[in-house]
Amino acid sequence: MKQIDFNHGWYYGKVGQNPETEVTLPHDAMRLEPRTDQSEGAGHVSWHMGGDYVYKKTFFIPQEYENKYIVFEFEGVYRNAEVYINGEKAMYRPYGYTNFYVDATKLLNYDSDNTIEVIAHNGDQPNSRWYSGSGIYRPVHMYVLPNKHVKLNGIKVKTLNISPAKIEVMIDTNTSGEVQVDIKHQQQVVVTKTAKTEGAITLEIDVPDVKLWSPDAPNLYTCQVEFEDHQYETTFGIRTIQWGVDRGLEINGERVILKGACIHHDNGLLGAAAYDDAEKRKVKILQNVGYNAIRSAHNPCSKAMLDACDELGMLVMDEYVDMWYIHKTRYDYADYFSDWWRADLEDMVNKDYNHPSVILYSTGNEVSETAQERGIKITGEMTEFLHKLDPTRPVTCGVNIFFNYLSSLGFGVYTDEKAKKSNNKKAVGSEFYNKLAGLLGDKTMKIGATLHGSDVKTRDAFANMDIAGYNYGILRYKKDLKKYPNRLILGTETFCKDAYEFLELAKENPRIIGDFVWAGIDYLGEVGIGAWVYEDYAPDKNNQAAWMTAGSGRIDITGREIGEALFTKVALEKTKGPLIAVKPVYQTGKHSPSAWKMTDAMPSWTWPGCEGMKAKVEVYARAASVTLLVNDKIVAKKKISKGCRTFIETPYQKGTITAISYDESGHEIGRHTLKTAAEPTYLTLEPEEETVQQGGLSYIRIAYTDKEKILKPMEKNKVRIELTGGKLLGLGHACPYNPDGYTNTETNTYYGEAMAIVQADDKVDSSITIKAIDNNERTVEINIPIRKESLC
């Protein structure tokens, strides 16, 4: 079998126009649309206009392929995709987040040019509650299969036992014949087995000297199948998953607590385009903060994301959809759900099956249908269907407990009627409740979840899942552990400030299997729900279309760790601390409220001109007490009686600030120091990696610092980028209020920083040269070597 990259040589344009703009996939057409307050998708999609797009490619098929099978795989087209080959309709797929296959064998002309045309319909807005992107935003491949072949997704590997190690290999072929199976580790064959098949065969294979897959040791194997002189491969890991009231969730027989983060599918400054490097970078950043799991909110994640999670040891809860049969926005997937959910789930499982990182399926998010008799039945049907497709993984669904109760009272957050009223002038549905929660604080939903009616309207749906998914229900945990002794509880969506409390509860209660914070990384759309933005960075708050991101994330849209990430590191025991974050000392005005942001503190002690002003310091430590020093003088001593977050106020003065943490006996545990940046000020460019692969991505942080690279967050300037040896894919800053977007060659800084994302040329072996010039004529230039091979 040949797998051919089919991402180059495409042309795209609006439907009704000749596609004349050449693009390389993945491609996000919405990102290039204007942002305006006339957008029907409104803040859901960062105020971009929608559109219907056509992608067209001409390609040659040689005569030698005539007796073979030709199949195209589209990993993701948003949305309502129509595929035409040589003018004939070959496929229609409405869901924008699932991969699908197009059998082109009988539609192609051999020894001749052919055309493929893809239409992506995204003009009917609103149809999403977050930034969806448009077009062919994930990769495309062409598969050339011999006349007698192993079917696509026709190799599935399951771990039967780990001591001794035994796996089950299921092989699906289109005809009878002999198969040879080689199990490889690090390119070395460790075991071989041959057998005859009549079209489907299941083999049990013992694996000697096994290297198990786990988050701490993500060992991977290759299963190579030879059939009719052709080879087929899949990567897998050997590991078991078990769950139950007596053990919680176990991997390889050892309990694992999911310390998770919800993430949307977008890649920040790149929009919805799913580049391999961007997906892998996201996983690395989340792991560095202390997360060991991700929730793909609220749609199946990309293959590149799963590959990265397999390689790096990140656990995955792959989620299906955001709505069932009740609309959340006027044109969303609710109209298609009933007819398509079985096919969608089957494709999701086929994608996920051999990935050891996938340990949990979710059938939906905040679907208030789970409060209705019809929805309760569907909950069970989907769980049962997933068990038939894959009995090795448990099934959950993220349920907003309080919202279910409101729905039963006729005050549903999501209703078909509210979806029809949705427009860009009035907040309805989730947008209204997000704003209400911002005003009332994070306790609104958590207290609401404790009401008796909230329990009544969720218990039957929870009984139809393997694991009950609680969105913002942490105040129910202790009570429900007693009331429902056979229930496993997962915090499918939670607030940042609850991380410490969750982990302490989970340590003592195995039936609490984990937590997924909203959100791990800031994301596009759902604008402003987590934003703490002051007037100096949002001068015209009435300019709705200037808002770009949610502002909700422990990590900002550029990938930078902010104060909440430092808190998370301590709360989730990535470190005991102490770590210091300081609220911007000079910011004394009002900011936009949010329940999805814990603090705007950042790790900086550089606030020139603020001498003598009150500095609000946050110290994060797992300790009995902390001492704070400014310029080596003690300014505060505090005992820590609850949690791991301590507040201290002290007059700002330049120099150093140091936190020291102590145990119960008064012994020092650790210390952390922040230092004031010195003069003069430098404009700097700092690539995250020293080199970049041909065609790969380089992330380059733009920052104002001193000579020691200490950030100066009060520097505000506009920076222009000049580039050779690559293409500038994205440029921007982390402020949720961003009228300029990420597609220009210049950007403002936000608290002294911005980010450039460059794609290296794929036909040279030299370097990227990137130059930054600010409006004060400061200039900096760096070279990033381009390498041919990938880094393992």
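Shown above is the structure to which this text applies.
Everything numeric in this text was worked out from a predicted model, so none of it was measured.

Engineer: Which residues make up a positive patch on the surface, and what are the values?
Structural biologist: A contiguous patch of positive charge on the surface is contributed by Lys443, Lys478, Lys482 and Lys642. Assignment of secondary structure puts lysine 482 in helix H11 (residues 477–483).

Engineer: Hey, could you go over helix H1 (residues 276–289) for me, with residue numbers and the actual values?
Structural biologist: Over its 14 residues, H1 extends 21 Å from the first C-alpha to the last, a length consistent with the 20 Å expected when each residue adds 1.5 Å. Every buried residue belonging to H1 is among Ala278, Glu279, Arg281, Lys282, Val283, Ile285, Leu286, Gln287 and Val289, and all of these are buried. Contacts made by the buried residues of H1 are with strand E21 (258–263), strand E22 (293–296), helix H2 (303–312), helix H13 (563–571), strand E38 (697–705) and strand E42 (753–760). The positive-phi residue at the C-terminal boundary of H1 is glycine 290, with phi of around 120°.

Engineer: Run through the packing of helix H3 (residues 334–352) against helix H4 (residues 373–389), naming residues and quoting values.
Structural biologist: With their axes 10 Å apart at the nearest point, H3 and H4 run at an angle of 30° to one another. When the axis of H3 is compared with that of H4, the two are roughly parallel. Classified by chirality, the crossing of H4 by H3 is right-handed. The segment H3 lies against H4, with Phe337, Ser338, Trp341, Arg342, Leu345, Glu346 and Val349 engaging Arg374, Ile378, Glu381, Met382, Phe385, Leu386 and Leu389. Considered class by class, the residues forming the contact of H3 with H4 number 9 nonpolar, 1 polar and 4 charged.

Engineer: Provide a residue-level description of the sheet that holds strand E43 (residues 767–774), including the pertinent values.
Structural biologist: Strand pairing in a sheet relies on backbone hydrogen bonds. The paired strands run either parallel or antiparallel. Judged by pairing direction, the sheet is mixed, and its 5 strands sit side by side in the order E37-E44-E43-E39-E41 without closing on themselves. One side of each edge strand has no neighbouring strand; the edge strands of this open sheet are strand E37 (692–693) and strand E41 (746–748).

Engineer: Would you mind going over the packing of H1 against H2 in detail, with residue names and values included?
Structural biologist: Two numbers describe how H1 lies on H2: the axes approach to 8 Å, and their chain directions differ by 45°. Judged on the interaxial angle alone, H2 and H1 are oblique. By crossing handedness, the relation of H1 to H2 is classed as right-handed. Of H2, the residues touching H1 (which contributes Asp276, Glu279, Lys280, Lys282, Val283, Lys284 and Gln287) are Ala304, Met305, Ala308, Cys309, Glu311 and Leu312. When grouped by side-chain class, the residues that make up the contact of H1 with H2 number 6 nonpolar, 1 polar and 6 charged.

Engineer: Before we move on, can you summarise the pattern of salt bridges with the specific residues and values?
Structural biologist: Evaluated as defined, the whole model comprises 46 salt bridges. In this structure, the salt-bridge partner of glutamate 753 is arginine 701, at a minimum N-O distance of 3.8 Å. Taken together, the residues span a long stretch of sequence, with glutamate 753 in strand E42 and arginine 701 in strand E38 at a distance of 52 residues. Each member of the pair, glutamate 753 as well as arginine 701, is classed as buried.

The rules behind these values
Residues numbered from 1 in each chain as written. Predicted model: local features only at pLDDT ≥ 70, side-chain atom pairs only at ≥ 80, totals over all residues. Heavy atoms only, no water. Patch = residues over 30% accessible without salt bridge, like charges linked within 9 Å, V, L, I, M, F, W, Y side chains within 5 Å. Areas by Shrake-Rupley, 256 points an atom, 1.4 Å probe, with all protein chains shown as cover. Salt bridge = Lys/Arg side-chain N within 4 Å of Asp/Glu carboxyl O. Lys, Arg positive; Asp, Glu negative; His and termini not counted. Charge placed at Lys NZ, Arg CZ, Asp CG, Glu CD. Helix = DSSP H or I, 4+ residues; strand = E, 2+ residues; numbered from the N terminus. Expected span 1.5 Å × (residues − 1). Buried < 20%, exposed > 50% of the residue type's maximum accessible area, 1.4 Å probe, protein only. Contact = heavy atoms within 4.5 Å. Axes fitted to C-alpha atoms, helices over the stretch in contact; angles between N-to-C directions. Parallel < 35°, antiparallel > 145°, perpendicular 65-115°, else oblique. Left-handed = near helix turned anticlockwise from the far one by under 90°. Nonpolar A, V, L, I, M, F, W, Y, C, P; charged D, E, K, R; others polar. Pairing = 2+ DSSP bridges.

Keep in mind that these numbers describe shape and distance, not what the molecule does.
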